[in-house]
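Observations on the three-dimensional arrangement
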Amino acid sequence: MLCVAASALTVITEPDTGWYLRSGAYLLKTHSFPLHDPFSYTSKEPWINQHWLTEILFYVTVRAGGYVGLGLLQALTFGLTLLGVGRLAGRRAIMAGLSPVFFVACAAYLREWVALRAQLFSNLLFAVTLLLVMREWRDPSPPAQGLLRHRLRFIAPIAVLWTQLHAGTPYCIALCGLLFLARPSRRLLFFVAVAIAATVVGPFGWRVLMLYNATGITRDLIREWSPLFGAISGGGTEHVFFIVLWLVGIVAIVMRHRRGEKVRFDALVHGVFGLATVYHVRMAPLAVLVSLAVTLPWTQRLAAGWLGTRLDRVLCGTLCVTVFCGAVAASSRKFGFGFAPERFPTKAVAFLQRERPPGPMFNSYNFGGYLMWVYPEERVFIDGRATTVYPESMFQQLLSIYARPQEFAGLVRTYDLRLAVLQRRGKGAALLHWLRGQPGWRVAYDEDPVAVVLLRGPSD
């Protein structure tokens, strides 16, 4: 577990982390929720800030411990998430048979998803809720116990906390609802109702439920919203490993059923979250946590006879650590603290802070959150908050400009753009190449390996 937790001490590569920090600072400074977005000049929509508590926690952490503190928070939360699922099998069971091997395999895949965003806490609460409902499935609370002594009594505080950290997520409802389908009862129906009610207990009420209706336009622009096989064909080969882990879960459920175990709930939750991942690849971490939970009771029996001595167990543990460390070494994620300079325009921002060129500013989508945090002097054109503050028509316009850069001229006339911070690679690269050759625009800074700064107007 120490190896697993320490492996999450990685540099920040998540584009959204910057706007989390900026929003957290704003909330603590004003002690209020803004009715409209104060960080972008293009947003006209009311801002439903569904991550407000996560933003405050991130900002308080960075104020107290800097980027090192954020890294430690990320590592601690990641370790606790896997520990929560591991508790389903128990300390001794998770060290039996092939359970350690499957555990480190899942941990290596989940590490690729660790990021400083609301999902970090959401995954932890998912693991805790999964622990509660699976224990209730395997060992139901006695009927004589009242609701206040029922194992699922903790659903209410968990769901309310979850709503403040990552509002509108239906995962708690889904877990309780699947448990009810597997074993219907009035008590379980009550806890499903509690989970539903808690989803709207927050400063924005029922409006948070409107945030998760992404259209095809948004899925085309935001990689995590793409379907599983679309992500694989787009170069996300690591998702093939998810398919393997999920298929192992199916085999485990079938084998446990043959042994006479009750696996109706296991099959339901494993199937639902697996199919959800096929539709949206961002569901993969939750599906792998489920696969881990349903597979450990089976893998602990596999090759259990081979680990009869202490030496065998030491060798197995050494093998697991070696495999996990090998997977970490092969990963593209780098150890360290702070924003990764190979992902964000760190040198270009230093130029902006020094020269203070006039705006309005146009920026590439992935740079928006970072610019909000490190260069608040200029409001952004767009950032990773996506449809929570920007209309779908804006995403349509952005995709159109990426495909036909000459349409950028209309955007210049609309907003009188004078500054552009564009990425060298990715979908925005064609726009950068086109803008370099346009009269009236000049390259002001070209020494950043990630971004280029262009200005409109005379050179004097």
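Now for a look at the structure at hand. (Residues numbered from 1 in each chain as written. Predicted model: local features only at pLDDT ≥ 70, side-chain atom pairs only at ≥ 80, totals over all residues. Heavy atoms only, no water.)

Describing the packing of helix H7 (residues 155-165) against helix H8 (residues 171-182)
Axis angle and axis distance: for two packed helices, these are the angle between their axes and the distance between the axes, and together they describe the pair. The contact between H7 and H8 brings their axes to 10 Å, and the two run at 150 degrees. By the angle between their directions, the pair H7 and H8 is classed as roughly antiparallel. Across from Ile155, Ala159 and Trp162 in H7, the residues of H8 making contact are Tyr171, Cys172 and Cys176. Among the residues forming the contact of H7 with H8, the class breakdown is six nonpolar, no polar and no charged. (Axes fitted to C-alpha atoms, helices over the stretch in contact; angles between N-to-C directions. Helix = DSSP H or I, 4+ residues; strand = E, 2+ residues; numbered from the N terminus. Parallel < 35°, antiparallel > 145°, perpendicular 65-115°, else oblique. Contact = heavy atoms within 4.5 Å. Nonpolar A, V, L, I, M, F, W, Y, C, P; charged D, E, K, R; others polar.)

A short note on the pattern of salt bridges
A complete count under the given rule lists 18 salt bridges for this structure. For aspartate 266, the salt bridge goes to arginine 138, with nearest N and O atoms at 3.7 Å. Highlighted residues: aspartate 266 in helix H13 (residues 264-279) and arginine 138 in helix H6 (residues 118-138), separated in sequence by 128 residues. The partly exposed category is assigned to arginine 138, whose relative accessible area is 30%. A salt bridge links aspartate 446 to arginine 424; the nearest nitrogen and oxygen atoms lie 2.4 Å apart. Separated by 22 residues along the polypeptide, aspartate 446 in the loop between strand E3 (441-445) and strand E4 (451-456) and arginine 424 in the loop between strand E2 (419-423) and helix H20 (429-436) bring together distant segments of the chain. (Salt bridge = Lys/Arg side-chain N within 4 Å of Asp/Glu carboxyl O. Buried < 20%, exposed > 50% of the residue type's maximum accessible area, 1.4 Å probe, protein only.)

Let's talk about the packing of aromatic side chains
To describe a pair of aromatic rings, you give the distance between the ring centres and the angle between the ring planes. Applying the stated criterion to the full structure yields 27 aromatic pairs. Between phenylalanine 126 and tyrosine 171, the aromatic rings sit 6.4 Å apart at their centres with planes inclined by 90 degrees, giving edge-to-face as the arrangement. Of the two residues, phenylalanine 126 sits in helix H6 while tyrosine 171 sits in helix H8, which places them 45 residues apart along the sequence. The pair formed by phenylalanine 126 and tyrosine 171 is uniform in burial state, with each residue classed as buried. On the basis of an interplanar angle of 55 degrees and a centroid distance of 6.3 Å, the ring pair of tryptophan 162 and tyrosine 171 is categorised as tilted. Each member of the pair, tryptophan 162 as well as tyrosine 171, carries the same accessibility label: buried. A network of ring pairs unites the aromatic residues Tyr41, Phe362, Phe381, Phe408, Tyr415 and Trp441 as a single cluster. Across the ring face of phenylalanine 335, the terminal group of arginine 111 is positioned such that the distance to the ring centre comes to 5.4 Å. The ring of tryptophan 47 carries the charged tip of arginine 385 above its face, separated from the ring centre by 4.9 Å. (Phe/Tyr/Trp six-rings, centres within 6.5 Å; stacked < 30°, edge-to-face > 60°. Lys NZ or Arg CZ within 6 Å of the ring centre and 35° of its normal.)

Topic: the nonpolar core
With 137 residues, the main nonpolar core has Leu82, Phe126, Phe265, Phe273, Phe362 and Phe408 as its most contacted residues. The residues contacting phenylalanine 273, other than those within four sequence positions of it, are Phe126, Tyr171, Ala174, Leu175, Leu178, Met283, Leu286, Ala287 and Val290. (Core = buried A, V, L, I, M, F, W, Y, C linked by side-chain atoms within 4.5 Å.)

What about the pairing of E2?
Across the five residues that make up E2, a large majority, five, are buried. Judged by which residues are buried, E2 turns out to be covered on both faces: Leu419, Val421 and Gln423 on one side and Ala420 and Leu422 on the other are all buried. By the bridge criterion, three bridges tie strand E1 (residues 361-363) to E2 in an arrangement that is parallel. Residue pairing in the sheet places asparagine 363 in a bridge with valine 421 of E2. As paired strands, E2 and E4 are joined by five bridges and run antiparallel to one another. The partner of valine 421 across the bridge, within E4, is valine 453. (Pairing = 2+ DSSP bridges.)

That's the geometry; what it means functionally is another story.
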